[in-house]
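Observations on the model geometry
Listed below are the residues making up each chain.
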Amino acid sequence: MSHLQQMLGVVPARIQVDNGSEFIRKVLDKWAYEQQVTLDFSRPGKPTDNPYIESFNGSFRDECLNVHWFLSLADAQEKIEQWRQQYNSFRPHSSLQNLTSDQVMAAASTVELQTA
């Protein structure tokens, strides 16, 4: 079972990615094929194809990567995890109607339980 499947309980049918080197590796392509996940690549040079991740990447860089020195892999993991928790648990997002990511996930879980 993949980490993504452990976190979400399911594997998404589609993942939108850009053409970064981390997304054009054969191992990702193989994983997606085996999981029956469609990798939807944005057009090169068109960040407007995926504005949510472009916004996230900018926030991650500005608020985490550019403000911390990472002294080791463990230090980087700790600082990035702290930022991720703050980003998902306490920070409202305009794209989520000014809710936090955790609030949206909790509401989605409630709807899933009610329909099951």
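For the structure itself, look to the data block above.
Residues numbered from 1 in each chain as written. Predicted model: local features only at pLDDT ≥ 70, side-chain atom pairs only at ≥ 80, totals over all residues. Heavy atoms only, no water.

So, on to helix H3 (residues 51-65). Over its 15 residues, H3 runs 20 Å from end to end, which matches the ideal 21 Å to within 8%, given 1.5 Å per residue. Along its buried surface, H3 packs onto helix H4 (73-89). (Helix = DSSP H or I, 4+ residues; strand = E, 2+ residues; numbered from the N terminus. Expected span 1.5 Å × (residues − 1). Contact = heavy atoms within 4.5 Å.)

Moving on, we come to the packing of aromatic side chains. Going through the model one piece at a time under the given rule, you end up with five aromatic pairs. Ring pairing ties together the aromatic residues Phe56, Phe60, Trp83 and Tyr87, which thus form one cluster. (Phe/Tyr/Trp six-rings, centres within 6.5 Å; stacked < 30°, edge-to-face > 60°.)

Let us look at the pattern of salt bridges. Per the stated rule, a full pass over the model turns up six salt bridges. Arg14 is the partner of Asp40 in a salt bridge, and the nearest nitrogen-oxygen pair spans 2.7 Å. You can see Asp40 sitting in strand S2 (residues 38-41) and its partner Arg14 sitting in strand S1 (residues 14-17), a full 26 residues away along the chain. We classify Asp40 as partly exposed; its relative accessible area is 28%. For Arg14, a relative accessible area of 44% gives the class partly exposed. (Salt bridge = Lys/Arg side-chain N within 4 Å of Asp/Glu carboxyl O. Buried < 20%, exposed > 50% of the residue type's maximum accessible area, 1.4 Å probe, protein only.)

Now for the packing of H3 against H4. At a closest axis distance of 11 Å, the pairing of H3 and H4 adopts a crossing angle of 125°. Relative to H4, the element H3 is oriented oblique. Seen along the crossing, H3 lies across H4 with a hand that is right-handed. Each of Phe56, Ser59, Phe60, Glu63 and Cys64 in H3 lies in contact with H4, whose residues at this interface are Lys79, Ile80, Trp83 and Tyr87. Its residues placed into classes, the contact of H3 with H4 shows six nonpolar, one polar and two charged. (Axes fitted to C-alpha atoms, helices over the stretch in contact; angles between N-to-C directions. Parallel < 35°, antiparallel > 145°, perpendicular 65-115°, else oblique. Left-handed = near helix turned anticlockwise from the far one by under 90°. Nonpolar A, V, L, I, M, F, W, Y, C, P; charged D, E, K, R; others polar.)

Turning next to the pairing of S2. Looking at chain direction, S1 and S2 are connected through four bridges and run parallel. Residue Arg14 lies in a different strand from S2, and its bridge partner there is Thr38. Assessed by its sense of winding, the connection that carries the chain from S1 through helix H2 (residues 26-35) to S2 is right-handed. (Pairing = 2+ DSSP bridges. Right-handed = clockwise from strand over helix to strand, strands pointing away.)

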